[in-house]
Amino acid sequence: MTSDRDSTSRVIVVGGGYAGVMAANRLTQRDDVTVTLINPRAQFVERIRLHQLAAQTHPAVHDMREVLAPDVELVVGSVELIDTASRTVAVGGDILDYDYLVYAVGSHSSDVDVPGVREHAYPVSTLEQAQRLRAALADTPESAPVTVVGAGPTGIETAAELADAGRAVTLVCGRVLGPYLHPRIRRGIAKRLRRMGVTIVDGAGATVTAVAADSVDLADGNQITSALTIWAAGFAVPELALRSGLSTDEAGRLLTDETLTSVDDDHIVAAGDCAAPSALPYRMSCQAANQLGPQAADTVLRRIDGEEPGPALVGFAGQCISLGRRYGTFQFSRRNDVAVPLHVGGRVGARLKELVCKSTVDGLRHEADKPGRRLVRMRDPHRDAALAERNSASTLQAAR
Ligand SMILES: Cc1cc2nc3c(=O)[nH]c(=O)nc-3n(C[C@H](O)[C@H](O)[C@H](O)COP(=O)(O)OP(=O)(O)OC[C@H]3O[C@@H](n4cnc5c(N)ncnc54)[C@H](O)[C@@H]3O)c2cc1C
């Protein structure tokens, strides 16, 4: 709704992570738009540093106002429901109106059915989980065995960070270490982890079947003694879209078209881990969130002007993985996120990773200071081809 009082449009951004803060800041470029960001806490969480928070090498949080444009109103709370008919959200007993809503609620660790995980394992995916893990580590003797389950970037980084801090770490990969990585670079990372003292358990039987207070059971029948088990086996998304009756993909990500607009309602636009453009979601990553956030804002501004928004264009550069404080690896990829046999490793890799983390937060501040200046559109021809292929396949099916 465009308010009758004046021609101001009210935009609510739900979720103050990388995508949400980017979107909120970018929206402030216009005087005829008011922006409200709703987030459960008055802090910005650098999720890509949560393993560092657990290992006490970085606080991973900033006062939200440090990264938010002054014109953005911050409401601390969790949105319980989006009512698309009345264009309102329910938050902590209040009902807030919007004209446009940016859905940017991110992700959290996946809730698995493996027995004992909920009771005994420590995820590292949200601020509260990482704080809880830090406290548990403080109560665990330094020589006690620690197990990290899951060897995607979160698991690898957590295992390395703790090994760097002198912990005895076992990394249970669930088949393969770093599935995303190019085989050559995977071997290099495994070598580095072993040198740091990490025991790597991979292969067909390396899937966890149960977690107890002091052990982890594997599919091959082996048991690992574990004083503390960290769960890093994937992300899931909040159920807010589903609960609000919006169309989602199977994982619960909001289904949008290529302009990031909900397939149900052109007053709702999504960005970050919780978005599924054309049901072909990008890899859940800060990298994609940083590109999708500003483009979600651009889509809203175009819609306010009654214009047709353009497609969101996201291009990847690779994956940057820290291996403790002294080493790191930048695995390069094609724009379509397929890893190539090219990397920067060692101490240069560590410096590059640190630069990436810093520049991510600097990027938010820059968008707050100079909203709308950031160039975000990177064409990925592979995505166009994948969409065209899928569309022609469904046309063929429809014709049969
Ligand atoms: C340890 C770790 C290391 C990582 N390393 C990397 C890396 O090196 N590179 C990389 O690209 N990615 C990395 N990631 C993944 C990356 O952090 C996420 O993909 C990224 O944070 C997604 O950004 P987002 O803005 O979509 O969501 P988030 O950063 O998750 O932010 C979402 C926000 O929405 C809030 N929210 C949720 N529900 C509601 C609600 N109902 N109402 C209001 N607010 C709500 C959340 O509390 C949160 O503040 C890492 C993740 C972890 C945990």
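Here, every reference points to the structure presented above.
Residues numbered from 1 in each chain as written. Predicted model: local features only at pLDDT ≥ 70, side-chain atom pairs only at ≥ 80, totals over all residues. Heavy atoms only, no water.

1. With respect to the site of the ligand
Close to the ligand lie 35 residues; A19, N39, R47, C286 and K353 are nearest. Measuring from an oxygen atom of the ligand, one finds a backbone N or O atom of V105 at 3.5 Å. Taking C320, its main chain carries an N or O atom lying 3.5 Å from an oxygen atom of the ligand. For the ligand, the accessible surface in isolation is 1000 Å², of which the surrounding protein chains cover 91%. Within the residue set of the shell around the ligand, elements represented by two or more residues are α1 (18-27), β2 (33-39), α6 (153-164) and α9 (286-304). Top element by residues in the shell around the ligand is α9. It accounts for three residues. The residue makeup of the shell around the ligand, split by class, is 16 nonpolar, 14 polar and five charged. (Near = heavy atom within 4 Å. Polar contact = N/O pair within 3.5 Å; in protein donor to acceptor, adjacent residues only side chain to side chain. Areas by Shrake-Rupley, 256 points an atom, 1.4 Å probe, with all protein chains shown as cover. Helix = DSSP H or I, 4+ residues; strand = E, 2+ residues; numbered from the N terminus. Nonpolar A, V, L, I, M, F, W, Y, C, P; charged D, E, K, R; others polar.)

2. Some points on the packing of aromatic side chains
By convention here, two paired aromatic rings are described through the distance between centres and the angle between planes. Throughout the structure, instances matching the rule amount to three aromatic pairs. Consider the rings of Y18 and F44, whose centres lie 5.3 Å apart with planes at 85 degrees: the pair is edge-to-face. Of this pair, Y18 sits in helix α1 while F44 sits in strand β3 (residues 43-45); the two residues are 26 residues apart in sequence, bridging distant segments of the chain. Per residue, the accessibility class of Y18 equals that of F44, and both read buried. Relative to F316, the ring of Y282 has its centre 6.3 Å away and its plane inclined at 45 degrees; by these criteria the two rings are tilted. Of this pair, Y282 sits in the loop between β22 (275-277) and α9 while F316 sits in the loop between α9 and β23 (318-323), and the two are 34 residues apart along the sequence. Residue placement shows R47 over the ring face of F235; its charged tip is 4.9 Å from the ring centre. Directly above the ring of Y180 sits R283, whose terminal nitrogen or CZ lies 4.6 Å from the centroid. (Phe/Tyr/Trp six-rings, centres within 6.5 Å; stacked < 30°, edge-to-face > 60°. Buried < 20%, exposed > 50% of the residue type's maximum accessible area, 1.4 Å probe, protein only. Lys NZ or Arg CZ within 6 Å of the ring centre and 35° of its normal.)

3. With respect to the nonpolar core
Ranked by internal contacts, the top residues of the largest apolar core, which has 39 residues, are V21, L27, L37, F44, V102 and L292. Listing elements by their share of this core, those giving two or more residues are β1 (9-14), α1, β2, α3 (64-67), β9 (100-103), α9 and α10 (346-369). Ranked by residue count, the leading element in this core is α9, at eight residues. Apart from the residues within four sequence positions on either side, L292 is in contact with L260, A271, G272, Y282, A312 and V314. Core analysis: the next-biggest nonpolar cluster, separate from the first, contains 38 residues, V146, A159, A163 and I321 among them. (Core = buried A, V, L, I, M, F, W, Y, C linked by side-chain atoms within 4.5 Å. Contact = heavy atoms within 4.5 Å.)

4. Here we look at the environment of C357
Tracing the backbone through its elements, the reader meets C357 in helix α10. Take C357: its relative accessible area is 1%, and that puts it in the buried class. Measuring from C-alpha to C-alpha, the distance between C357 and C286 comes to 9.7 Å, with 71 residues separating the pair along the chain. With residues near it in sequence (within four places) discarded, C357 still touches E46, I48 and R49.

5. Let's talk about the packing of α1 against α10
Running from amino to carboxyl end, α1 crosses α10 at an angle of 20 degrees, the nearest separation of the two axes being 8 Å. The orientation of α1 with respect to α10, classified from their angle, is roughly parallel. Considering how the two elements wind past one another, α1 and α10 form a crossing that is left-handed. From α1, Y18, V21, M22, N25 and R26 reach across to α10, where they touch T360, G363, L364, E367 and A368. (Axes fitted to C-alpha atoms, helices over the stretch in contact; angles between N-to-C directions. Parallel < 35°, antiparallel > 145°, perpendicular 65-115°, else oblique. Left-handed = near helix turned anticlockwise from the far one by under 90°.)

6. Describing α6
Its twelve residues give α6 an end-to-end C-alpha distance of 16 Å, which sits within 8% of 16 Å, the value for a rise of 1.5 Å per residue. Counted residue by residue, α6 has nine buried out of twelve residues, so it is predominantly covered. What α6 keeps buried is the set G155, I156, E157, T158, A159, A160, E161, L162 and A163. Positive backbone phi, at 95 degrees, marks G166, one or two positions downstream of α6. (Expected span 1.5 Å × (residues − 1).)

7. Details of the side chain of S109
Summarising the element assignment, S109 is placed in strand β10 (residues 108-109). Take S109: its relative accessible area is 11%, and that puts it in the buried class. A distance of 3.4 Å separates the side chain of S109 from the side chain of Q129, its partner in a polar contact. Aside from chain neighbours lying at most four places away, what touches S109 is P123, S125, Q129, G234, F235 and A236.

8. Describing unusual backbone geometry
At R87, a residue that is not glycine, the phi angle is positive and equals roughly 50 degrees. Of note in this structure, L260 is not a glycine but carries a positive phi near 80 degrees. Following the sequence through the fold, L260 ends up in the loop between β20 (254-256) and β21 (268-270).

9. Observations regarding the pattern of salt bridges
Under the counting rule described, the total for this entry stands at 20 salt bridges. The salt bridge partner of R118 is D113, with a shortest N-O separation of 3.7 Å. On the accessibility criterion, D113 (72% relative accessible area) is exposed. Among the salt bridges present, the one from R253 reaches D249, with a minimum N-O distance of 2.8 Å. (Salt bridge = Lys/Arg side-chain N within 4 Å of Asp/Glu carboxyl O.)

10. A short note on the sheet that holds strand β5 (residues 72-76)
Taken together, five strands build an open sheet; the order of strands is β5-β2-β1-β9-β21 and the sheet is parallel. In the strand order of this sheet, the two ends are held by β5 and β21, each with one partner. This sheet shows a mean twist of 20 degrees between the axes of neighbouring strands, independent of strand direction. Of the strand pairs in this sheet, β2 and β5 are connected by five bridges, and their pairing is parallel. Bridge pairing in β5 places I38 opposite V75. Relative to the sheet, α1 contacts β1, β2, β5 and β9, its axis offset from that of β2 by approximately 160 degrees. Along the sheet face, α9 touches β1, β2, β9 and β21 and points at about 165 degrees away from the line of β9. (Pairing = 2+ DSSP bridges.)

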